Amino acid sequence: MVISKDLLEILVCPDDHTPLALAEPPLLARLHAAIDAGGVTNRAGQRVQTHLGGGLVRADGKYLYPVVDDIPVLLVDEAISLEQIKT
């Protein structure tokens, strides 16, 4: 996943307008394991069925916005609660 530093500096959460950061590989690995187990839904309640190319994590660490084909999907309903993958 490639998101330029300049773009990352201006991206904010569409819900609370806090900064977003790139998801670290260990977090994505845990998320993908939870997706494989069928235990991940987005805020709209839809089950997430495919691995993500990356993600952007809200400053408070509560939500991850998916990155699909190197495009951040900054829609509130598409956000994934990271509470689902806490270990």
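For the structure, check the block above.
The sections below set out a description of the structure shown in this document. In this text the structure is predicted, and so the values were computed from the model without any measurement. (Residues numbered from 1 in each chain as written. Predicted model: local features only at pLDDT ≥ 70, side-chain atom pairs only at ≥ 80, totals over all residues. Heavy atoms only, no water.)

A few words on the nonpolar core. Soluble globular proteins: nonpolar side chains tend toward being buried together. If you look at the biggest cluster of nonpolar residues, it comprises 14 residues, and the most contacted ones within it are Leu 27, Leu 31, Val 40, Leu 64, Ile 80 and Ile 85. When sequence neighbours within four positions are dropped, the list of residues in contact with Ile 85 reads Leu 27, Arg 30, Leu 31, Ala 34 and Val 40. Core analysis: the second largest hydrophobic core is formed by nine residues, Leu 20, Tyr 63, Tyr 65 and Ala 79 among them. (Core = buried A, V, L, I, M, F, W, Y, C linked by side-chain atoms within 4.5 Å. Buried < 20%, exposed > 50% of the residue type's maximum accessible area, 1.4 Å probe, protein only. Contact = heavy atoms within 4.5 Å.)

Before going further, it helps to examine the pairing of strand β3 (residues 63-68). For β3, the buried fraction is high: five of the six residues fall into the buried class. Looking at chain direction, strand β2 (residues 54-58) and β3 are connected through four bridges and run antiparallel. In the strand pairing of β3, Gly 54 is matched with Val 67. In sequence, β2 turns back onto β3 through a hairpin of four residues, with Gly 61 there showing a positive phi of about 75°. With two bridges connecting them, β3 and strand β5 (residues 80-81) associate as antiparallel partners. Counted as the bridge partner of Leu 64 is Ile 80 from β5. (Helix = DSSP H or I, 4+ residues; strand = E, 2+ residues; numbered from the N terminus. Pairing = 2+ DSSP bridges.)

The subject of this paragraph is the layout of surface pockets. Any empty space left between the atoms is revealed when a probe the size of a water molecule rolls over them. In this structure, the largest pocket encloses a volume near 160 Å³. Around the largest pocket, the lining residues are Asn 42, Gln 46, Arg 47, Val 48, Gln 49, Thr 50, His 51, Leu 52, Pro 66, Val 68, Glu 78 and Ile 80. Per-class residue counts for the lining of the largest pocket are five nonpolar, five polar and two charged. (1 Å grid on protein atoms, 1.4 Å probe; cavity = no way out; pocket = protein on both sides within 12 Å on 5 of 7 lines; lining within 4 Å. Points joined across faces, edges and corners; volume = space filled by probe spheres on them. Nonpolar A, V, L, I, M, F, W, Y, C, P; charged D, E, K, R; others polar.)

This part is about the environment of Leu 56. Residue position: Leu 56 is located in strand β2. Judged by its relative accessible area of 0%, Leu 56 falls in the buried class. Spatially, the C-alpha atoms of Leu 56 and Lys 86 are 17 Å apart, while their sequence positions differ by 30 residues.

Centre-to-centre distance and the angle between the planes together describe a pair of aromatic rings. Applying the stated criterion across every chain yields a total of zero aromatic pairs. For the cation-ring pair, Arg 43 lies above Tyr 63, with the distance from its terminal atom to the ring centre recorded as 4.3 Å. (Phe/Tyr/Trp six-rings, centres within 6.5 Å; stacked < 30°, edge-to-face > 60°. Lys NZ or Arg CZ within 6 Å of the ring centre and 35° of its normal.)

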